[in-house]
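Read off the chains here:
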Amino acid sequence: HRDLHSFPTRRSSDLVIAFPNPTRDQVTIRSRLFVTGVQNSIRILNMSGQLIQEIDDMNLRGNELTISLNGLQKGIYLLDIQSGQERSLIRLVKRE
């Protein structure tokens, strides 16, 4: 049987980088997953797996996207990045 916390992902380092990390107010995500004409989405989750923010309508600059984190409290979050059938998770640290 599968663990509730296991799901298919590729190694994040192969596909996605998020910088700066740690960050204060915004993060830029560079991903080879991002493809035009395919549904791209980013979900920000807390460490309990609760959805904090979802970004579906993305203004991509090539394979990069910058998102504001101004509404988030300091802490550790997961960026769940999907493009079509591909998925990657990145651990993100938000500072004050």
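A quick note: this is a predicted structure, and the numbers were derived from the prediction, not measured.

Reading the values: the criteria
Here the residue numbering is sequential within each chain, running from 1 through the sequence in written order. Local features in this predicted model are restricted to residues of pLDDT 70 or higher, and side-chain atom pairs are both shown and tallied only at a pLDDT of 80 or more, whereas totals for entire chains, interfaces and linings draw on every residue. Just so you know, side-chain values use all the structure's heavy atoms and leave hydrogens and water out. The pairing criterion is simple: DSSP has to find at least two bridges between the two strands. A run of DSSP states H or I qualifies as a helix once it reaches four residues; a run of E qualifies as a strand once it reaches two. Both are numbered from the N-terminal end. Here the axes come from fitting lines to C-alpha atoms, over the contacting stretch only for helices, and the angles between their N-to-C directions go from 0 to 180 degrees. We call a residue buried when its accessible area falls under 20% of the maximum for its residue type, exposed when it is over 50%, and partly exposed in between, using a 1.4 Å probe and counting protein chains only.

A.B. asks: Could you clarify how one ought to interpret the sheet that holds strand S7 (residues 86–94) in this entry?
C.D. replies: Pairing in this open sheet of four strands is antiparallel, and the strands run S4-S3-S6-S7 from one edge to the other. The sheet terminates laterally at strand S4 (51–55) and S7, the two strands that pair on one side only. Taking each pair of neighbouring strands and ignoring which way they run, the sheet shows an average axis angle of 20°. Judged from the four bridges that link them, strand S3 (residues 40–46) and S4 form a sheet pairing that is antiparallel. Note on S4: the bridge partner recorded for Leu45 is Leu51.

A.B. asks: Would you take a moment to explain the pairing of strand S1 (residues 16–19) for this structure?
C.D. replies: A regular strand places its side chains on the two faces of the sheet in alternate fashion. What you see with S1 is a clean split: Val16 and Ala18 sit on the buried side and Ile17 and Phe19 on the side with no burial. Bridge count for S1 against strand S2 (residues 26–31) is four bridges, and the pairing is antiparallel. By the bridge assignment for S2, Phe19 is matched with Thr28. Hairpin connection from S1 to S2: six residues lie between these consecutive antiparallel strands.

A.B. asks: Looking at this structure, I do not really get unusual backbone geometry. What am I missing?
C.D. replies: Excluding glycine, most residues fall at negative phi; most peptide bonds, likewise, are trans. Look at the link from Phe19 to Pro20: it is a cis peptide, with omega at -10°. Cis peptide bonds are those with omega within 30 degrees of zero, and the linkage from Asn21 to Pro22 qualifies with 15°. Within the secondary structure, Pro22 sits in the loop between S1 and S2.

The values are spatial; any link to function lies outside them.
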